[in-house]
Amino acid sequence: MWDDAFPSFLIGLREGLEGGLIVSILIATLVRAEARSRLPQVWTGVLAAITVAMSFGAVLTFTAASLSATAQEAFGGTLSVIAVAFVTAMVFWMRRSARSLSGELKEKVTGALAMGSGMLILTSFLAVGREGLETALFLWTTARAAGESAGPLTGAAIGLVLAAGLCWGLYRRVLKINLTRFFTATGAVLIVIAAGVLGYGLRDLQEGGVLPGGTAYAVDLTGSVDAGSWYSTLVQGVFNLTPSMTWLQVVAYVAYLVVVMTLFVRGVRATAPPAPAAKPTPTAAGSDAAASESAVSISEPAAVTAVPAVSGVESAVTAAESATTGEPDTAEPVPAAPAQPVVDVPASGREPDAAPVVRRRPGWVVPVAVVAVPAVLAGLVVALARPKPAGDQTVAVSETECGKGFTAPKPGRQAFQMHNTGGKTSEVYLIDPSTGAVYGEIEGLAPGTTRDLVATVAGGTYAWRCVPTDGKAVTSKAVRVSGGGAAKPVVPVSEQDLAAPLKVYKTYVEQGLATLVTQTRALDDDIEGGHLDRARTDWLTAHRTYASLGAAYGTFEDFDQKIDGRPDGLPNGVQDKDFTGFLRLEHGLWHGESAKDLRAPARQLAGAAAGLRKAFPAQDFDPGDLPLRAHEILENTLQFELTGDTDQGSGTNLATADANLAGTRELLTVLQPLLTGRAPKLLPTVDTDIARLQKLLDAAHDGTHWTPVDQLAPTDRQHLNGATGQLLEDLAPVPDLLEIRKSA
């Protein structure tokens, strides 16, 4: 989290300090003009600017969330590039405008005083609003790059709080800093960070299909760099440099960094102050400016006299201007508030008629309005931008006809009211009739019921396919939808499609069971002969073989409980007579039980393995289990092995996890032909995840010795869990992609 916090901390500190300096100058100008009563109007403008910035951030967040995955990539990439442009302009603007910032603001405030409260509110709003919008946009892009919001928001909050403290210290004359050096240093760091954001944004545009070259990698260190390590996480969080980067990312990163940094450094040198000449004894204002050149200066706040003194922040900003231009600072007089006109009393002694009483607006109305209006507008934008079903259609479903009432819908997110008018439960699919690809589906639509089917429709051809129970599929007449957009259907999988992978995998399991029978017999012989040390080694070998057959667990029926059952739920736990198999032997071998006590469990295990090998060819292996197990094997690994839940004393949970990973790899190999055409990017991503997890598991053992889970270093355990979780996340689409659909 903290590595993702640094960029947002820096932007919060810098933008907060810029905005705070502006507010401080506005306040100081009003105080010098003896217009303290107008200070609430300044704060109202500031409140409005903050509200607009927060509303802008909400619009970005919720609008992006309603887009498709591809559109989110394009949207995020575009805003990342815009954020880089804003940050770059901000860095150069602050360097250029620091010379005249204070004078311009004083001039605007002086004009606003004479034009009424509305102009003063508008002046402060415009002065602070730009900083707020820049901050909101940059925070959104950094949070999106980090993949989470806690770190960036925490960093930004710390930066803003620190900036507020610095501004308070400057205003109260408690603190004086060299603002020129501060903005120069932070500007250089922000340019480096912005280069990384630019590269990340261009990558998003490539993944969104806006820019080419998404597979042309200039750097690919995924095989040698652990993306979950602390140093990799730090570099990715701060600089947005990833182990794999395309040529476009690398070229843009280097070009931006070289060009922008060169211009920035050249500009800093060009505006560097000349060597100071001999000066007369400084005045009070000059003393303030000189003092601001020191790193930190502490003094008591100046007393307020008839003409208020210049605030500490004005001294600091004036000093920054002087340091930039090389000219001595001079205090600009600010005109006092206009005096009230004198009303003459007529000679007759009669007082003039009293002016009508003007009802004043309550002071809370404007602040509430400036908060409520942007919030309401942001809510309307989010509500209107979120795609909604555009005109529901009621579509009839039956055994004899399908899609009655279906007309060509408009492109966009559509909701169809599917009503079963027949007498059988049906599966309903919205398909591309030319390929059979599925855009949406309803399973088990009972007779007489109506359910919504929501799908995204783009330009193309659509039809309905209804498959009643024990009936033949019925396909509706196709309709053509004109327009653009993109909708990604899923190419359906039939039992026939999975027949070949299932045959290959069953051969793999049969070979594994043959090996298991040989290994469990050797284990039985070890215990029968009293060779318990050899038995411990052979136990681990045999258990790893069984753990690598994970995709067939659901097929093994009762044999799985006999071979690898846990004591959970048994009345007497590990002492229960029904506790059998590998874990029963593990408990005995590592808890000092004698060979005599272990002979019966060993014979039972060898017999169960032989029985399973004999029964397996006739067992019902559901082909739909293959894609499910691609995800479920490692789910069990994360739940039971990486927590040490199943450990009965050997401390070899990581060896079991390694075998589970080997089984998953074998399963993905047989499913590869089906996955490649449906999700071309999935397997390369999964292969990278598997290599990362395998590297972590390899580091946890030395020869035949495996590190117990509870003895792993906290960081190693965290990386192991994180790598497994990432692999599971990337495997999650497999069951849906390869689900057997009757529409096929």
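Remember, predicted model here, so these are calculated numbers, not experimental data.

What counts, and at which threshold
Residues numbered from 1 in each chain as written. Predicted model: local features only at pLDDT ≥ 70, side-chain atom pairs only at ≥ 80, totals over all residues. Heavy atoms only, no water. Helix = DSSP H or I, 4+ residues; strand = E, 2+ residues; numbered from the N terminus. Buried < 20%, exposed > 50% of the residue type's maximum accessible area, 1.4 Å probe, protein only. Contact = heavy atoms within 4.5 Å. Core = buried A, V, L, I, M, F, W, Y, C linked by side-chain atoms within 4.5 Å. Salt bridge = Lys/Arg side-chain N within 4 Å of Asp/Glu carboxyl O. Patch = residues over 30% accessible without salt bridge, like charges linked within 9 Å, V, L, I, M, F, W, Y side chains within 5 Å. Areas by Shrake-Rupley, 256 points an atom, 1.4 Å probe, with all protein chains shown as cover. Axes fitted to C-alpha atoms, helices over the stretch in contact; angles between N-to-C directions. Parallel < 35°, antiparallel > 145°, perpendicular 65-115°, else oblique. Left-handed = near helix turned anticlockwise from the far one by under 90°. Nonpolar A, V, L, I, M, F, W, Y, C, P; charged D, E, K, R; others polar. Disulfide = S-S within 2.5 Å. Phe/Tyr/Trp six-rings, centres within 6.5 Å; stacked < 30°, edge-to-face > 60°. Lys NZ or Arg CZ within 6 Å of the ring centre and 35° of its normal. Pairing = 2+ DSSP bridges.

**Details of the overall build of the protein**
Part 1 of the argument: The helix and strand inventory of the protein stands at 22 helices and 13 strands.
Part 2 of the argument: Counting every position in the protein, which comprises 744 residues, the buried fraction comes to 46%.
Part 3 of the argument: Taking as baseline every contact in the protein between residues at least 6 positions apart, the subset at least 24 positions apart corresponds to 77%.

**Concerning the nonpolar core**
Part 1 of the argument: Within the largest apolar cluster, 68 residues are counted, with the highest numbers of intra-cluster contacts made by Phe 556, Leu 654 and Leu 671.
Part 2 of the argument: Apart from residues no more than four positions distant in its own chain, Leu 654 is found in contact with Leu 642, Leu 697, Ala 700, Trp 706, Thr 707, Val 709, Leu 712 and Leu 720.
Part 3 of the argument: Leu 79, Trp 140, Ala 194 and Phe 264 belong to the second-largest nonpolar core, a separate cluster that totals 29 residues.

**Structural notes on the pattern of salt bridges**
Note that side chains of opposite charge can pair when their charged atoms are close.
Part 1 of the argument: For the structure on display, the rule yields 13 salt bridges.
Part 2 of the argument: The partner of Arg 741 in a salt bridge is Glu 441, with the nearest N and O atoms 2.9 Å apart. With Arg 741 in the segment after α22 (733-737) and Glu 441 in strand β7 (residues 438-445), this pair connects stretches of sequence that are 300 residues apart.
Part 3 of the argument: A relative accessible area of 4% places Arg 741 in the buried class.
Part 4 of the argument: Glu 739 serves as the salt-bridge partner of Arg 741, at 3.6 Å between the closest nitrogen and oxygen.

**Focus: a nonpolar patch on the surface**
Part 1 of the argument: Taken together, the side chains of Val 254, Val 258, Val 259 and Leu 263 present a nonpolar region at the surface, about 340 Å² in accessible area.
Part 2 of the argument: Residue position: Val 254 is located in helix α9 (residues 247-270).

**Structural notes on the packing of helix α19 (residues 653-678) against helix α20 (residues 682-698)**
Part 1 of the argument: Packing of α19 against α20 leaves a shortest axis separation of 11 Å and a crossing angle of 165°. Comparing their axes, α20 and α19 come out roughly antiparallel. For the crossing formed where α19 meets α20, the hand is left-handed. Packed against α19, whose contacting residues are Leu 654, Ala 657, Asp 658, Leu 661, Arg 665, Leu 668, Gln 672, Leu 675 and Thr 676, the element α20 presents Leu 683, Val 686, Ile 690, Leu 693, Gln 694, Leu 697 and Asp 698 at the interface.
Part 2 of the argument: Each residue belonging to the contact of α19 with α20 can be placed in one class, and the counts come to 10 nonpolar, three polar and three charged.

**With respect to the state of the cysteines**
Part 1 of the argument: For the structure shown, the criterion picks out one disulfide.
Part 2 of the argument: Note that Cys 402 is cross-linked by a disulfide to Cys 466, the S-S spacing being 1.8 Å. With the S-S bond torsion at 65°, the cross-link from Cys 402 to Cys 466 turns out right-handed. Taken together, the positions of Cys 402 in strand β4 (residues 402-404) and Cys 466 in strand β9 (residues 460-468) put the pair 64 residues apart, joining distant regions of the chain. Each member of the pair, Cys 402 together with Cys 466, is buried.

**A look at the packing of aromatic side chains**
Part 1 of the argument: In this structure the tally under the stated criterion is 13 aromatic pairs.
Part 2 of the argument: Between Tyr 505 and Tyr 508, the ring centres sit 5.4 Å apart and the planes meet at 45°, which makes this aromatic pair tilted. Of this pair, Tyr 505 and Tyr 508 both sit in helix α13 (residues 495-528), three residues apart, which is roughly one turn of that helix.
Part 3 of the argument: These aromatic residues form a ring-pair network of at least three members: Tyr 505, Tyr 508, Trp 539, Tyr 546, Phe 556, Phe 582, Trp 590, Phe 616 and Phe 621.
Part 4 of the argument: Here the guanidinium or amino end of Lys 562 rests over the ring plane of Phe 559, the centre of that ring lying 5.5 Å away.
Part 5 of the argument: Lying across the ring of Phe 640, Arg 566 places its NZ or CZ 4.2 Å from the centre.

**Things to note about the sheet that holds strand β3 (residues 393-397)**
Part 1 of the argument: Strand order in this open sheet of four strands is β4-β3-β5-β8, and the pairing throughout is mixed. The sheet terminates laterally at β4 and β8 (450-457), the two strands that pair on one side only. Direction aside, neighbouring strands of the sheet carry axes that sit 35° apart on average.
Part 2 of the argument: Judged from the five bridges that link them, β3 and strand β5 (residues 412-420) form a sheet pairing that is parallel. Paired with Thr 394 across the two strands is Gln 417, which belongs to β5.

**Here we look at the packing of helix α18 (residues 625-641) against helix α21 (residues 714-731)**
Each pair of packed helices can be described by the angle between their axes along with the distance between the axes.
Part 1 of the argument: Running from N to C, α18 and α21 cross one another at 160°; their axes reach a closest spacing of 10 Å. Considering the angle they form, α18 stands roughly antiparallel to α21. For the pair α18 and α21, the sense of crossing is left-handed. In this structure, α18 uses Ala 630, His 631, Leu 634, Glu 635 and Leu 638 to contact α21, whose residues at the interface are Asn 721, Thr 724, Leu 727, Leu 728 and Leu 731.
Part 2 of the argument: Within the contact of α18 with α21, the residues separate by chemical class into six nonpolar, three polar and one charged.

**Here's the deal with the environment of Leu 667**
Part 1 of the argument: Relative to the elements of secondary structure, Leu 667 occurs in helix α19.
Part 2 of the argument: For the pair Leu 667 and Tyr 505, spaced 162 residues apart in sequence, the C-alpha separation works out to 7.1 Å.

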